[in-house]
Amino acid sequence: MPPAPGDREARRKDVSEAVWSVLAEKGFAGLTLRAVAAAMGVSTGMLMHYFPTKRALLTHALDLLEKRTAERPRRARPAPGLATVRAMLLDILPLTPGDTARNRVWVSSWDLSLADDGLTAEQADRYTRLRSTIRPHLDAARDLGELPDDTDTDRLAASAVAFTHGLVVQALFDPDRFPEREQVALLDEFLTSAGTRSRPGPARIQQA
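Residues numbered from 1 in each chain as written. Predicted model: local features only at pLDDT ≥ 70, side-chain atom pairs only at ≥ 80, totals over all residues. Heavy atoms only, no water.

## Quick notes on helix α4 (residues 54-71)
- Taking 1.5 Å of rise per residue, the 18 residues of α4 would be expected to cover 26 Å, and the 26 Å separating its terminal C-alpha atoms lies within 8% of that figure.
- For α4, every residue scored as buried is listed here: Leu57, Leu58, Thr59, His60, Ala61, Leu62, Leu64, Leu65 and Thr69. (Helix = DSSP H or I, 4+ residues; strand = E, 2+ residues; numbered from the N terminus. Expected span 1.5 Å × (residues − 1). Buried < 20%, exposed > 50% of the residue type's maximum accessible area, 1.4 Å probe, protein only.)

## Remarks on the packing of aromatic side chains
- What the rule picks out here adds up to 2 aromatic pairs.
- Measuring from ring centre to ring centre gives 6.4 Å for tyrosine 50 and phenylalanine 51, while their planes differ by 45°; the resulting arrangement is tilted. Of the two residues, tyrosine 50 and phenylalanine 51, neither departs from the other in class, the shared state being buried.
- Plain terms: the ring middles of phenylalanine 163 and phenylalanine 190 are 4.6 Å apart, the flat faces sit at 10° to each other, and that makes the pair stacked. One end of the pair, phenylalanine 163, is in helix α8 (residues 153-173); the other, phenylalanine 190, is in helix α9 (residues 180-196), with 27 residues separating them in the sequence.
- Classification of phenylalanine 163 by relative accessible area gives partly exposed; the value is 25%.
- Directly above the ring of phenylalanine 178 sits arginine 177, whose terminal nitrogen or CZ lies 4.7 Å from the centroid. (Phe/Tyr/Trp six-rings, centres within 6.5 Å; stacked < 30°, edge-to-face > 60°. Lys NZ or Arg CZ within 6 Å of the ring centre and 35° of its normal.)

## Focus on α9
- If you check α9, its first and last C-alpha atoms are 25 Å apart, about what 17 residues at 1.5 Å a residue would give, namely 24 Å.
- Taken together, the buried positions of α9 are occupied by Gln183, Val184, Leu187, Phe190, Leu191, Ala194 and Gly195. Viewed along the axis of α9, the buried residues span an arc of 135°, placing them on a single side of the element. When the buried face of α9 is taken as reference, the exposed residues oriented beyond 90 degrees from it are Arg181, Glu189 and Thr192.
- The secondary structure elements touched by the buried residues of α9 are α5 (82-92) and α8. (Arc of directions from axis to C-beta. Contact = heavy atoms within 4.5 Å.)

## Structural notes on the pattern of salt bridges
- Enumeration over the complete set of coordinates arrives at 13 salt bridges.
- Of the charged contacts in the structure, one is a salt bridge between aspartate 63 and arginine 126, with a shortest N-O distance of 3.0 Å. Placement of aspartate 63 in helix α4 and of arginine 126 in helix α7 (residues 117-143) is noted, with a sequence separation of 63 residues between them.
- Residue classification places aspartate 63 among the partly exposed residues on the basis of a relative accessible area of 40%.
- Take arginine 126: its relative accessible area is 10%, and that puts it in the buried class.
- The salt bridge involving glutamate 182 is made with arginine 177; its shortest N-O contact spans 3.5 Å.
- Residue arginine 177 is classed as partly exposed on the basis of its relative accessible area, which comes to 46%. (Salt bridge = Lys/Arg side-chain N within 4 Å of Asp/Glu carboxyl O.)

What follows is the structure, given as structure tokens:
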């Protein structure tokens, strides 16, 4: 019989911890009711009161991953503009063991999400929210003169997210080639190029 409401709430944290434990060890490819049940020392039948389908388990895992990502320690937001954008993007990169583990879980979720239209839409929404959190700081950078006046901050936010997540993937697959210092240097070069885009350079001397 299903657990009583009080017991259900009391066990929900335990269930979430077990889901996270399996994700951290095996990624989404290894996330099954059997694996979560084994981590908790319970039957799969008990877990089915929480996750009646595999999709329900995946949805919970994605929500849990997003929650853990949102609650992770973050760098202080410095002066308005590109300094804050830099801090936000550094928070995404796999610069510490914890950030690396979390990014591994995110990347492992992509294949399953792409195979399910509903999960695909939810992932797209997550990226939309990420871009929307960066854009106001790019607007501030443009107002401060750190970016050209004609900068399309919507497009730049998309470029920043695309660049950062591309760097995440390269760092996960080739950590020796992309250690912390290299990731930071590449990010700084990206932001510098964004700030200098479309700015007039020195005049060229026409050759006779």
